[in-house]
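Structural description and commentary
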Amino acid sequence: MKTRTIVQTRLVPQTIDGVTEMVLERVPVQVPQPPRDWDRIVLTGVTGAAVAIGTACVVWSTVSIGSLLTAIAPWPAAYAAAAVFDLAWISCMALEWLARYDSARAALPRRLGAAALIIAMCAIGAHGWIAGQFVIGLIAALVSGLAKGMWTVVLAHHAKPLDDLTQQWVDKQMAKAGGELAMVSVRRQLARARSVVTAEETALRTSPETSPEPPEPKAETDQDRPEPSGQTPALPGAGPMTIADAVRTALSCGISDPDAVLRYVRTVADANAKEESVRRTLRTVRSAS
């Protein structure tokens, strides 16, 4: 029986100068060598051959269709467009492979891939017919057909058939996984919306208080002019009073400047009186008088 050497590791105590540490010891071990998996080797070889055939098909069809399209377009654009013909059915074939456990989803790329293949074969045949070599064009078109057929056989061999009950179980598991993936996007959008709302609420809480109504303009008179010294003149104190009473008292004493009235209200009525409340009361008292 053939064997092969592998290296295994294990923890062993190592003591130096009375200090013990656990270190890794590498030990070579002989284990039986498994027999060669010829099935896997053959399948890998066939898959490699299919890749080579597909590559040759893309190159051949691109050259053929690109030569056909150069009659009406510059060669870079013509050959770029020619590559689309085979890349289309190859992409559909890749999608069919990804959906190999879901026959319903694999049906659409299978049909589209067959349609793209027929279009590519027709384009290659048209190139041979225009060049006066219809037989050669027909043979060249079969290159894409053989490549597609080869890949279809390889994909069918890689894909494992599922019975009806197992297919239903797989479908349910894939549906749950799809639901979780969908919720990732929903949660991301919800978190983004919540962060925007939180930022707006924070801005509103930290913004200075603004006046909902602009102060009403009024023509300035001699009585409305502020005192030259900028100080509130001495007014009779009547003890504790409301903001409205303080405003009326200030107006009766000839103080009409809003800032002077505010200072007087904060002095005799409420030290924390808001400027907007005082201004609103001042307008109300003026309009009532």
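Note: the structure precedes this text.
Residues numbered from 1 in each chain as written. Predicted model: local features only at pLDDT ≥ 70, side-chain atom pairs only at ≥ 80, totals over all residues. Heavy atoms only, no water.

1. What to know about helix α3 (residues 103-130)
At 3.6 residues per turn, the α-helix brings residues three or four places apart onto the same side. Using the following cut-off: Runs of H or I in DSSP of at least four residues are treated as helices and runs of E of at least two as strands, each being numbered from the N terminus. Given a helix with a known number of residues, its expected span is that number minus one, times 1.5 Å. Burial status follows relative accessibility: with a 1.4 Å probe on protein chains alone, a residue under 20% of its type maximum counts as buried, one over 50% as exposed, and anything between as partly exposed. Throughout, a residue-residue contact means that at least one pair of heavy atoms, one from each residue, lies within 4.5 Å.
Between its terminal C-alpha atoms α3 stretches 40 Å, which fits the 40 Å expected from 28 residues at 1.5 Å a residue. Residues Ala 106, Ala 107, Pro 109, Gly 113, Ala 116, Leu 117, Ala 120, Ala 123, Ile 124, Gly 125 and Gly 128 constitute the buried set of α3. Buried residues belonging to α3 abut α1 (38-69), α2 (75-98) and α4 (134-158). A positive backbone phi angle near 80° is found at Gly 132, which sits one or two residues after α3.

2. Observations regarding a nonpolar patch on the surface
Rules: What goes into a patch is any residue over 30% in relative accessible area without a salt bridge, connected to like charges within 9 Å or, for nonpolar side chains (Val, Leu, Ile, Met, Phe, Trp, Tyr), within 5 Å. The accessible surface values rely on the Shrake-Rupley method and a 1.4 Å probe; as for residues, cover is taken only from the protein chains in view. Only one rule defines a salt bridge in this text: a Lys or Arg side-chain nitrogen within 4 Å of an Asp or Glu carboxyl oxygen.
On the surface, a cluster of nonpolar side chains totalling about 700 Å² of accessible area is made up of Trp 129, Ile 130, Phe 134, Val 135, Leu 138 and Ile 139. The set of elements that each furnish at least two residues to the nonpolar patch consists of α3 and α4. If you tally residues by element for the nonpolar patch, the top one is α4, at four residues. When you line up the elements, Ile 139 lands in helix α4. With a relative accessible area of 53%, Ile 139 lands in the exposed category.

3. Thoughts on the layout of surface pockets
For clarity, the threshold we go by: Put simply, the grid is 1 Å and covers the protein atoms alone, a cavity is a trapped set of points that fit a 1.4 Å probe, a pocket is an open set with protein on both sides within 12 Å along at least five of seven lines, and lining residues have an atom within 4 Å of a point. Grid points are joined across faces, edges and corners, and a volume is the space filled by probe spheres set on the points. Ten residue types, Ala, Val, Leu, Ile, Met, Phe, Trp, Tyr, Cys and Pro, are classed as nonpolar, four, Asp, Glu, Lys and Arg, as charged, and the remainder, Gly among them, as polar.
In this structure, the second largest pocket encloses a volume near 250 Å³. In terms of lining, the second largest pocket is formed by 17 residues, of which the most central are Glu 96, Arg 100, Ala 106, Arg 110 and Ala 159. Listing elements by their share of the lining of the second largest pocket, those giving two or more residues are α2, α3 and α4. Across the lining of the second largest pocket, the residue classes break down as nine nonpolar, three polar and five charged.

4. Points about the pairing of strand β1 (residues 3-16)
Keep this limit in mind: Pairing between two strands is assigned when DSSP locates at least 2 bridges connecting them.
As defined by bridge partners, β1 adjoins strand β2 (residues 19-32) across 14 bridges and the pair is classed as antiparallel. Of the residues in β2, the one forming a bridge with Leu 11 is Leu 24. Between β1 and β2, which follow one another and run antiparallel, lie two residues, and Asp 17 among them has a positive phi close to 55°.

5. Things to note about the nonpolar core
Filter applied, for reference: Side-chain atoms within 4.5 Å link the members of a nonpolar core, which is a set of buried Ala, Val, Leu, Ile, Met, Phe, Trp, Tyr and Cys residues.
Of all hydrophobic cores here, the largest spans 14 residues; its most connected members are Ala 246, Val 247, Ala 250, Ile 255, Val 261, Val 265 and Val 278. Those elements giving two or more residues to this core turn out to be α6 (243-252), α7 (258-268) and α8 (275-288). Ranked by the residues each element gives to this core, the list is headed by α7, at five residues. Of all hydrophobic cores here, the second largest spans ten residues; its members include Ala 50, Leu 117, Trp 151 and Leu 155.

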